[in-house]
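Structural features, examined
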Amino acid sequence: MKKRTLIQAAALAVLASTGGLALAQTAPFKIGLILPMSGQQATTGRQIEAAVKLWMAQNGDTVAGRKVQVVLKDDTSLPDVTRRLAQELVVNDKVDVLAGFGITPSAMAVAPIATQSKTPLVVMAAATSSITEASPYIVRTSFTLPQASVALADWAPKNGIKKVVSLVSDYGPGIDAEKFFKERLQLNGGQVTESLRVPLRNPDFAPFLQKVRDLKPDALFVFVPSGAGAAVMKQFFERGMDKAGIKLIATGDVTDDDQLNDMGDNALGVVTSHHYSAAHPSAANKKFVAEFQKANKNMRPNFMAMGGYDGMRVIYEALKKTGGKAGGDALLAGMKGQIFESPRGPVYIDAQTRDIVQNIYLRKVEKKDGQLWNVEFDVIKDVKDPGKTK
Ligand code: VNL
């Protein structure tokens, strides 16, 4: 009894003499991961969670002497819930980083918390241009809709598509897609003759598609968020839009790798633009896809998984740079300006905007070995977000 007390006293003395530094260094480094694990955007949560786990399985759970701990919370993609969870994670769990964010309203809801608490916030999914301007602590590893849309508006008129109707989900990323596609198409001598917006929650595409049929454009340009693409595709082809001479073009959110294989042969030939395809033919991507599928009952990674995977890399590398010390400003500085070879291709985190600069690929749905893939056929290199005002 007496002996034990002495040892405890000695241990306490050591701790006191190191000024608590040893304690701080060995306390876990906490990542508060907020994702939609249920509800309409659940596939996004499932993909990102799987990618975060894969990153940690491949790279270990200790960085610069710190044990990394992920605290996962389900915000059901409701921004009020996201805000409450972020508050709890910062105040109670004392997380060092906030990460995830399936949709734009969730990321926006948490931006003031990141600013006030000086907590770096890594957006792994949401893709409205202005998100990174909502807090100086936000860093993004997904993409922006202006990045994807401008590339498609450059491709279309060179390929016989001049008159276009757009159909987008009626919120941040959809409005970005609509605006940037339209302006760029006009610049290229084409025209968006009608801009249609469909509600984000429980969308019914039927009345909109009927309208498009009547308008008879060369093509319909679509953005809907990950998870909603299969429903649009199904109705587009069921209504015989293609037979009426209307092509479908879209951002890659629509031919989402999470759903593509179930879309059927109708999807063959659909051209999209995006930053990631599971078919990207690099060694790094082949390894990523194979190991992701192996760990997840053959589930194919989509662009959301890619954002989660690279988001983890950005956090790990920042922690390495600070030598294991947390502290929002040091970590944030370690995130800015990172350059690396991602499975999607070469990327960097622009130190000024904290947004990702990356290649945008033009892809066509093709069948290979009995499966549907977004096969890349052209690339626009090092695309900065065209939506940034500064
Ligand atoms: C957003 C953008 C969400 C693109 C998405 O899927 C997407 C967003 C959930 O910013 O809300 O594919």
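This write-up is about the structure you can find in this document. (Residues numbered from 1 in each chain as written. Predicted model: local features only at pLDDT ≥ 70, side-chain atom pairs only at ≥ 80, totals over all residues. Heavy atoms only, no water.)

1. Section: the packing of helix H6 (residues 145-155) against helix H7 (residues 172-187)
Closest axis-to-axis distance for the H6/H7 pair is 8 Å, and the angle between their directions is 30°. Here H6 lies roughly parallel to H7, going by the angle between them. Considering only the axes of H6 and H7, their crossing is right-handed. Contacts from Leu145, Pro146, Ser149, Val150, Leu152, Ala153 and Asp154 of H6 reach H7 at Pro173, Asp176, Ala177, Phe180, Phe181, Arg184 and Leu185. Among the residues forming the contact of H6 with H7, the class breakdown is 10 nonpolar, one polar and three charged. (Axes fitted to C-alpha atoms, helices over the stretch in contact; angles between N-to-C directions. Helix = DSSP H or I, 4+ residues; strand = E, 2+ residues; numbered from the N terminus. Parallel < 35°, antiparallel > 145°, perpendicular 65-115°, else oblique. Left-handed = near helix turned anticlockwise from the far one by under 90°. Contact = heavy atoms within 4.5 Å. Nonpolar A, V, L, I, M, F, W, Y, C, P; charged D, E, K, R; others polar.)

2. Describing the site of the ligand
The immediate surroundings of the ligand are formed by 16 residues, with Thr104, Ala127, Tyr171, Ser226 and Asp253 found nearest. Here Asp253 contributes a side-chain N or O atom positioned 2.6 Å from an oxygen atom of the ligand. Taking 320 Å² as the accessible area of the ligand by itself, protein coverage stands at 100%. Placement of the ligand is best described as lying within the largest cavity. Of the residues in the shell around the ligand, the class split is nine nonpolar, six polar and one charged. (Near = heavy atom within 4 Å. Polar contact = N/O pair within 3.5 Å; in protein donor to acceptor, adjacent residues only side chain to side chain. Areas by Shrake-Rupley, 256 points an atom, 1.4 Å probe, with all protein chains shown as cover. 1 Å grid on protein atoms, 1.4 Å probe; cavity = no way out; pocket = protein on both sides within 12 Å on 5 of 7 lines; lining within 4 Å. Sits in = over half its atoms within 2 Å of the grid points.)

3. Details of the packing of aromatic side chains
Taken as a whole and assessed by the stated rule, the structure comprises nine aromatic pairs. Considering the side-chain rings of Phe181 and Phe221, the 4.0 Å spacing of their centres and the 10° angle between planes classify their relative orientation as stacked. One end of the pair, Phe181, is in helix H7; the other, Phe221, is in strand E9 (residues 219-223), and 40 residues separate them in sequence. Accessibility classification places Phe181 together with Phe221 in one group, the buried group. Taking the centre distance of 5.8 Å and the plane angle of 50° together, the rings of Phe288 and Phe292 count as tilted. Of this pair, Phe288 and Phe292 both sit in helix H10 (residues 283-295), four residues apart, roughly one helical turn. A residue is classified by how much of its surface remains accessible, and Phe292, at 0% relative accessible area, is buried. By the ring-pair criterion, three or more aromatic residues cluster together here, those being Trp55, Tyr276, Phe288, Phe292, Tyr309 and Tyr316. Residue placement shows Lys364 over the ring face of Phe377; its charged tip is 5.8 Å from the ring centre. (Phe/Tyr/Trp six-rings, centres within 6.5 Å; stacked < 30°, edge-to-face > 60°. Buried < 20%, exposed > 50% of the residue type's maximum accessible area, 1.4 Å probe, protein only. Lys NZ or Arg CZ within 6 Å of the ring centre and 35° of its normal.)

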